[in-house]
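What follows is the residue order along each chain.
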Amino acid sequence: MADFPTTARAVIIGGGIVGCSTAYHLVRLGWRDVVLLEKAKLTSGSTFHAAGLVGQLRSNANITQLLKHSVELYQRLEAETGQATGWKANGGLRLACNAERMIEISRQATTAHSFGLEMHLLTPTEAGELWPLMDISDLHGAAFLPTDGQASPADITQALAKGARQEGALIIEDCTVTGVLVEHGRAVGVTTEHGKIAAEVVVNCAGQWAREFGRLAGVNVPLVSVQHQYMVSEPIEGVTRDLPTLRDPDRLTYFKEEVGGLVMGGYEPNPKPWAEAGIPPGFNFSLLDPDFDHFEQLMAQALIRVPALEHAGVKELINGPESFTPDGNFILGAAPELRGFFVGAGFNAYGIAAGGGAGKALAEWIVGGQPPMDLWPVDISRFGRPHQSTEWVRSRTLELYAKHYTMAWPHEEHASARPERVSPLYAVLRGQGACFGEKLGWERPNWFAAEGQEPRDIYSYGRQNWFSAVGEEHRAVRERAGLFDQSSFAKFLLVGANAAAALDWICANDVNKPVGSLTYTQMLNRKGGIQCDLTVARLAENRFYIVTGTGFATHDFAWIARSIPAGLDATLVDVTSGTAVLSLMGPRSRDILAAATPDDVTNAAFPFATWRAITIGGAPVQALRITYVGELGWELHVPSEHALSVYRRLWAAGAPHGLANAGYRAIESLRLEKGYRAWGSDIGPDHTPLEAGLAWAVKLRKNLDFQGREALLAQQARPLGKRLACFTLDDPGVVLLGRETLYRDGERVGWLTSAGCGHTVAKNIGYGYVRRADGVDDEYLKAGSYELEVAGKRVPCAFRRDPLYDPKMERVKA
Ligand SMILES: Cc1cc2nc3c(=O)[nH]c(=O)nc-3n(C[C@H](O)[C@H](O)[C@H](O)COP(=O)(O)OP(=O)(O)OC[C@H]3O[C@@H](n4cnc5c(N)ncnc54)[C@H](O)[C@@H]3O)c2cc1C
């Protein structure tokens, strides 16, 4: 190829909808020299055989925004490019066949309202009027999203490609990318069957090949291929062009109109993986053999819903493989392992719906050097060690596929690929009735069953079976003491002559304090958004110990490592596995610790926000005096091999004081009362410490520069457009779960970012940002009268200015 490019600003691998959308948006953001390489023809991966339903609602506001962007784009793309797209805004209908599902869709409608998306609840008759061919005899109700729609996947993709070419992108088909050029930990180009291309940025949009392709660069893309089938019927009388798309989760199926007939597919409980030994070469514009026997279970359900299908001929049964992920969310963003390498893959059979918005977000991430908004649910750095294993990824992914249409219960845990990562206390805590949850492969006690109670979650939309057990643990921590196994915390060491200088820049709080100090701090992005929320202990002059949440191990490590200013001597090491953590919390914790250690743990010798090296039995322990539950307490960081003996000694010392085991659900209830923020829900890259009420933890008044400072100073000079606030609701019959819509004086101002029950204050507690373009201050917050929309119903709630429990921190700092 004589005119084959040798350099590019960005090379995109993959000519499916996601690659084409990324190219389209990159050139629209002004990037030139964008090259897209496709090993066969555009759309020849999964895109050409998609059914084309475009739904928008997700459980996260920003991901819903992305899908809304897809719809806005698809509406105008044909006019913009002259290429037909098959876009039709015929709306989307979702059915409920039982009372619990009705609650689920009512809560989804509330979530939609929170995120500014129109969604109406309908009676069975109203649903039947929109979809006359369906049997409504088993319906409890339905929900309708008028702005959902459907598109022709191949046409949409060709339109995006055309739009990209119109602005200068170069799209080359029949060109396999064979490798990634890496220099000094950075992707600097690709090798292809036609030659090398040097590039500033490499973007992996290789669909179900993305895992294999990522491996070429040492980047983990946790997805696997799963077979997905739908049938296309001959025309059916009564199927009109404006028929909304239909999702019937209780019957595991979906429908859409296609040339006067119906497309019908679904999610079977026994999915079939594909290409376990690798995707065969040349698999483009290819389908798998239809599996009528396997599809029969879905057909049986569909016939009950749409009896007219019985007499309609089946034109074809499509069996196409698609990439699915272990949490059902797609994979986007900057690879934590390699600079200059981005990923957009793993679209779980909603890549047509997501493609427009995901391509936009990825392009903005590439151009801006940081995500355009908080994209944590889809961020590639949400994964960790278990996701290296394809076996682990496959078994969890198949479970998630099978659950696609099952009830998404509050607090639901998954069963597959467990147990995998266990703390040294796992067996002992199991013996004591622990009911475990899983995070990043780690088994963590969620709650402890009482004598005679089975340690098993029983899900519902009401109070679940563990509620009173968690109440007991909560009270034990408030009144006596509780012991939590938090060994799954991610722990890093930052070492080197310039470690302090590096943290001066990276941390929003001042962690450059004497050896022995312990500091709670955020790390901010350039916009002042909270990128990490963690604690830093100064172990020695040139040695810092950093502790962060289990789920943030990959993300926070990458953020810190990449934020170390060039030229500084500071090395970050992950030491998670070597250290177990026992958190001893509660008013009796000092008595218990004093009985277990010969060291001085009085307030004078061991004040709040310090750490000390102590011993418990034969174990060297780093004791960190800190709390996330609002009580006097210590995190005891113990070499893993000593964890069991330390646990036993604490347990023995605690017996006279009523020490109790406690789990993560009690932590949640305790921290809600105390007003501690949770990263990923209350705080994140979209929220600054000023908006989140965390200005007290920022060194703005000290004349020290740090990442994000400029943005905070600028924000300080103007009214805040949003503020995190606490609300309570007394009615014990209402269960708050988060995402409930918040109204101030009748006007929608936000939604709850986290919520639950505070067992000491005996109230439902919710946190949420109150938004107002003209600014939100204390007066504005206090003057409002508030309501929450919960599952479609408005209930009054009260604004609370101070933490509900121990606002002056007297119990913590005693
Ligand atoms: C049966 C079925 C029904 C579906 N229905 C829907 C639906 O109704 N709604 C919806 O939103 N989604 C649906 N989907 C999902 C949708 O099809 C996918 O999510 C989407 O097409 C993924 O697009 P992509 O660009 O990520 O991947 P792909 O379309 O697979 O594109 C990846 C491309 O990368 C190329 N490539 C790979 N490796 C290399 C390399 N080394 N060098 C160069 N090129 C390379 C491949 O050839 C391929 O063309 C469905 C999927 C299936 C299987």
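Attention in this report is confined to the structure presented alongside it. (Residues numbered from 1 in each chain as written. Predicted model: local features only at pLDDT ≥ 70, side-chain atom pairs only at ≥ 80, totals over all residues. Heavy atoms only, no water.)

1. Looking at unusual backbone geometry
We count it as follows: Counting from the N terminus, the helices are DSSP H or I runs at least four residues long and the strands are E runs at least two residues long. For the exposure calls, accessible area comes from a 1.4 Å probe over protein chains only, and a residue counts as buried if that area is under 20% of its type's maximum, exposed if over 50%, partly exposed in between.
At the junction of Arg 418 and Pro 419, the peptide bond is cis and its omega measures out at -10° in the coordinates. Positioned with a positive phi, His 411 is a non-glycine residue whose angle comes to about 65°. The phi angle at Asp 806 is positive, at roughly 45°, despite the residue not being glycine. Counting through the fold element by element, Asp 806 comes out in the segment after strand 38 (793-800). Accessibility expressed as a relative area gives 12% for Asp 806, which makes it buried.

2. Digging into helix 14 (residues 589-596)
Note the following rule: Arc, as used here, means the arc of the directions from the helix axis to the C-beta atoms.
Here helix 14 has its buried residues at Ser 589, Arg 590, Ile 592, Leu 593 and Ala 596. For helix 14, the arc enclosing every buried residue in end-on projection is 160°, short of the 170-degree limit, so these residues lie on one face.

3. Observations regarding the packing of helix 1 (residues 17-28) against helix 2 (residues 61-81)
The condition that has to hold: Only the stretch in contact is used when fitting a helix axis, every axis being a line fitted to C-alpha atoms; angles between N-to-C directions are given from 0 to 180 degrees. Reported orientations rely on four angle classes, namely roughly parallel under 35 degrees, roughly antiparallel over 145, roughly perpendicular from 65 to 115, and oblique for the rest. For this analysis, residues touch if any pair of their heavy atoms sits within 4.5 Å. Each residue is assigned to one class: nonpolar for Ala, Val, Leu, Ile, Met, Phe, Trp, Tyr, Cys and Pro, charged for Asp, Glu, Lys and Arg, and polar for all the others, Gly among them.
Where helix 1 contacts helix 2, the axes come no closer than 14 Å and their chain directions differ by 75°. Taken together, the axes of helix 1 and helix 2 lie roughly perpendicular to each other. Where helix 1 abuts helix 2, its residues Ile 17, Tyr 24, His 25 and Arg 28 lie against His 69, Leu 73, Tyr 74, Arg 76, Leu 77 and Glu 80. Among the residues making up the contact of helix 1 with helix 2, the classes are represented as 5 nonpolar, 2 polar and 3 charged.

4. Topic: the site of the ligand
Stated precisely, the cut-off is as follows: Any residue with a heavy atom lying within 4 Å of a molecule or strand is counted as near it. Polar contacts here mean pairs of N or O atoms no more than 3.5 Å apart (in protein, one a potential hydrogen donor and the other a potential acceptor; neighbouring residues in sequence count only if both atoms are side-chain atoms). The Shrake-Rupley method, run with a 1.4 Å probe, gives the accessible areas here. Residue values count only the displayed protein chains as cover.
The environment of the ligand is formed by 38 residues, the closest being Glu 38, Ser 46, Thr 47, Glu 322 and Ala 353. Leu 53 places a polar main-chain atom, nitrogen or oxygen, 2.9 Å from an oxygen atom of the ligand. Contact between the ligand and Ile 352: an oxygen atom at 2.9 Å from a main-chain N or O atom of the residue. Contact with the protein chains removes 97% of the 1,000 Å² of surface that the ligand exposes when unbound. Taken together, the elements giving at least two residues each to the shell around the ligand come down to helix 1, strand 12 (224-233), strand 17 (314-324) and helix 8 (351-368). Of the residues contributing to the shell around the ligand, the split by class is 20 nonpolar, 15 polar and 3 charged.

5. Side note on the pairing of strand 25 (residues 530-540)
Applied cut-off: Strands are treated as partners if at least two bridges between them are detected by DSSP.
Of all 11 residues making up strand 25, 10 are buried, and the element is well covered by its neighbours. Looking at chain direction, strand 24 (residues 518-524) and strand 25 are connected through 7 bridges and run antiparallel. What sits directly across from Leu 524, in strand 25, is Ile 530. Linking strand 24 back to strand 25 in an antiparallel pair, the connection comprises 5 residues, with Gly 528 at a positive phi of about 85°. As judged from the 5 bridges shared by strand 25 and strand 26 (residues 543-548), these two strands associate in the antiparallel manner. The partner of Thr 535 across the bridge, within strand 26, is Val 547. Between strand 25 and strand 26, which follow one another and run antiparallel, lie 2 residues.

6. Quick look at the packing of aromatic side chains
Our working rule: For this analysis, a ring pair means two rings from Phe, Tyr or Trp (six-membered ring only for Trp) whose centres lie within 6.5 Å, classed as stacked if their planes differ by under 30 degrees, edge-to-face if by over 60, and tilted for the remaining angles. Charge over a ring is defined by NZ of Lys or CZ of Arg lying within 6 Å of the ring centre and within 35 degrees of the ring normal.
By the definition in use, this model includes 25 aromatic pairs. Ring geometry for Phe 606 against Trp 634: centres 5.8 Å apart, planes inclined by 70°, an arrangement best described as edge-to-face. Residue Phe 606 is found in the loop between helix 14 and strand 29 (611-616), and its partner Trp 634 is found in strand 31 (residues 633-639); the two are separated by 28 residues along the sequence. Pair check on accessibility: Phe 606 and Trp 634 agree, each one buried. Each member of the aromatic cluster is reached from another via a ring pair, and the members are Tyr 254, Tyr 267, Phe 324, Tyr 401 and Tyr 405. Between the NZ or CZ atom of Arg 9 and the centre of the ring of Trp 31, over which it lies, the distance is 3.9 Å. Over the face of the ring belonging to Tyr 664 we find Arg 444, whose NZ or CZ atom lies 3.7 Å from the ring centre.

7. Notes on the environment of Gln 166
Within the secondary structure, Gln 166 is located in helix 5 (residues 153-166). Given a relative accessible area of 42%, Gln 166 falls into the partly exposed group. When the C-alpha positions of Gln 166 and Ala 308 are compared, they lie 45 Å apart, and in sequence the two are 142 residues distant. Residues in contact with Gln 166, not counting those within four places in the same chain, are Glu 80 and Thr 81.

8. Topic: the pattern of salt bridges
Just so we agree on the cut-off: Salt bridge, as used here, is a side-chain nitrogen of Lys or Arg placed within 4 Å of a carboxyl oxygen of Asp or Glu.
As enumerated under the stated definition, the model contains 42 salt bridges in all. A salt bridge links Arg 538 to Glu 541; the shortest N-O distance between them is 3.6 Å. A residue is classified by how much of its surface remains accessible, and Arg 538, at 5% relative accessible area, is buried. Via salt bridges that share partners, Arg 396, Glu 399, Lys 403, Glu 412 and Glu 438 belong to a single interconnected network.

9. Quick notes on helix 16 (residues 664-674)
Where burial is concerned, most of helix 16 is hidden: 10 out of the 11 residues are buried. Burial in helix 16 covers these residues: Tyr 664, Arg 665, Ala 666, Ile 667, Ser 669, Leu 670, Arg 671, Leu 672, Glu 673 and Lys 674. For helix 16, the secondary structure elements touched by its buried residues are strand 21 (442-448), helix 11 (467-479), strand 22 (481-485), strand 35 (747-758) and strand 36 (763-771). Phi turns positive, to about 85°, at Gly 675, one or two residues after helix 16.

10. Observations concerning the state of the cysteines
Note the threshold: Any two cysteine sulfur atoms lying within 2.5 Å of each other are counted as a disulfide.
Counted according to the given criterion, the structure contains 0 disulfides. Cysteine Cys 435 shares no disulfide, and the gap to the nearest cysteine sulfur, in Cys 757, comes to 18 Å.

11. With respect to the side chain of Glu 257
When you line up the elements, Glu 257 lands in strand 14 (residues 253-258). Residue Glu 257 is classed as buried on the basis of its relative accessible area, which comes to 5%. A polar side-chain atom of Glu 257 sits 3.3 Å from the main-chain amide nitrogen of Val 259. In this structure the side chain of Glu 257 is engaged in a polar contact, spanning 2.9 Å, whose partner is the backbone nitrogen of Gly 260. Those residues in contact with Glu 257 that lie beyond four places of it in its chain are Lys 88, Gln 150, Val 239, Thr 240, Arg 241, Leu 243 and Leu 262.

12. Structural notes on the environment of Thr 240
Relative to the helices and strands, Thr 240 is located in the loop between strand 12 and strand 13 (245-248). Since its relative accessible area comes to 38%, Thr 240 is described here as partly exposed. Residues Thr 240 and Glu 257 lie 17 residues apart in sequence; the distance between their C-alpha atoms is 7.3 Å. Among the polar contacts listed, one links the side chain of Thr 240 to the side chain of Asp 242, at a separation of 2.7 Å.

13. As for the pairing of strand 4 (residues 92-96)
The side chains of a regular strand alternate, first on one face of the sheet and then on the other. Among the 5 residues of strand 4, 4 are classified as buried, and the element is accordingly described as predominantly covered. Inspection of the sheet shows strand 4 paired to strand 6 (residues 141-145) by 5 bridges, in the antiparallel sense. Across the sheet, Leu 93 pairs through a bridge with Phe 144, a residue of strand 6. When strand 4 meets strand 13, the two strands line up parallel, connected through 3 bridges.

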